[in-house]
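Analysis of the macromolecular model
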Amino acid sequence: MRKNALRTAAAIGALTLGIGLTGCATGSTGGDSDGDTAAEDITVGVAMPTETSERWIADGEAVKSQLEEAGYEVDLQFANDDIPRQQQQLDQMITNGADILIVASIDGTALAAQLANAADKGIPIIAYDRLINGTEDVDFYVTFDNYAVGEQQAQSLLRGLGFLDENNEDTGQTDPKTIEVFAGSPDDNNTKFFYQGAIDTLQPFLDDGRLTIPSGQIDMDTVSTLRWDQATAQKRMEDLLTSTYDGGAKPLDGVLSPYDGISRGIITALENAGYGSTLEAGLPVLSGQDAEIASVKMINDGVQYATIFKDTRKLAAQAVEAATAYAEGEEPEANDTETYDNGVKVVPSFLLESDIVVADNIASLLIDSGYWTEEEVAAGVAQ
Ligand code: BGC
């Protein structure tokens, strides 16, 4: 049987493809140690959006190493946040004979032609972390609970401002605070989930007046940050400081930020405007996402207040598990079959959980789990 008939085989519920994949059905380490598995005949194309963010480098490395450990051939490509480049990379993977695709898209709506081509060839397509929209040709989705990530971002901001305790209970603090809000890239399907989760969590405090957004900018399109770009976020923060804060003379207590790179851009703008260089010295409370090493150091140093840790090793393991199911002619196991509607169909999904990181739990969450070493946190650089 042609290897690339994997999707068809899965769809008709074939028990095996006769390709001799004998490893366990569930796992990132599913390959036989004697190397005599069909996984070796299977190439998985892995398309990642960019190498400018550590998060995606870590994802790429984790997916590649776990797939290789399970015996697969891997074709890993990063697209430098360039949509035509990602399209070409996918075309190339298909031409080169990829049997399964794992895709973290740049623009969730820009890959329909490539995926239609893959689908014609029976190649199963797994959306990685970001849902691919507007196409029938996405078979499975592995991600985190993105709405919950947004809730955690807002909770961390509210904790830093003193409104919530560490169990997310209202402390009863009435001292009002000012915030500004940022969202991620509008072409990333995750952005609306993060933002909705965050705004729903902030809303009661906006309603009772304990929180205000002096610029009045809250509409997602207005506060979004194309390509999650740090410089774009820095510029918007600078513009806000000029338009609403007398260039830094008026108090600003916190900023909702959806990603560590964006947080770093915002922090630069705030420092330049004279808000101080640590929380203690008056820097506003900032949230983040991804536990990028440069930001973990800033949290450790009392500069950024919090980030959200999404363990890329676990997401990679889930993607490998889904690929293995397809390789065995089965369907991957979903734990959510309702939330992720891509406009054409509801894509069966596997959602993972995330954690809030603040200075106090860097050791327990990030160092003890081996995600970063103590030396990396001290240096702010991955080694
Ligand atoms: C991911 C986030 C990441 C962002 C920017 C999103 O799709 O879910 O973890 O911060 O992209 O790279």
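A brief structural summary.

1. Comments concerning the pairing of strand 6 (residues 177–181)
For strand 6, the tally of buried residues reaches 5 of 5 residues, placing the bulk of the element in the interior. Burial along strand 6 is two-sided: the face carrying K177, I179 and V181 and the face carrying T178 and E180 are both buried. Handedness of the crossover joining strand 6 and strand 7 (residues 211–212) through helix 6 (residues 189–207): right-handed. The pairing of strand 6 with strand 8 (residues 254–256) spans 3 bridges and is classified as parallel. Across the sheet, residue E180 finds its bridge partner in strand 8, namely V255.

2. Side note on the sheet that holds strand 9 (residues 285–286)
One open sheet holds the 4 strands; their spatial order is 7-6-8-9, and the pairing between them is parallel. The strands lining the two open edges of the sheet, one partner per strand, are strand 7 and strand 9. Strand direction decides the pairing type here: strand 8 and strand 9, joined by 2 bridges, are parallel. Paired with V255 across the bridge in strand 9 is L286. Relative to the sheet, helix 5 (residues 146–160) contacts strand 6, strand 7, strand 8 and strand 9, its axis offset from that of strand 8 by approximately 175°.

3. A closer look at the nonpolar core
Judged by nonpolar contacts, the single largest core of 58 residues is most densely connected at L67, Y128, M237 and L270. Here the element with the most residues in this core is helix 11 (residues 312–327); it accounts for 8 residues. If near-sequence neighbours (up to four positions away) are discounted, L67 is found in contact with V44, V46, Y72, V74, I102, V320 and A323. Membership of the second largest hydrophobic core comes to 21 residues, among which are A47, V103, L111 and L115.

Rules of the game
Residues numbered from 1 in each chain as written. Predicted model: local features only at pLDDT ≥ 70, side-chain atom pairs only at ≥ 80, totals over all residues. Heavy atoms only, no water. Buried < 20%, exposed > 50% of the residue type's maximum accessible area, 1.4 Å probe, protein only. Helix = DSSP H or I, 4+ residues; strand = E, 2+ residues; numbered from the N terminus. Right-handed = clockwise from strand over helix to strand, strands pointing away. Pairing = 2+ DSSP bridges. Contact = heavy atoms within 4.5 Å. Axes fitted to C-alpha atoms, helices over the stretch in contact; angles between N-to-C directions. Core = buried A, V, L, I, M, F, W, Y, C linked by side-chain atoms within 4.5 Å.

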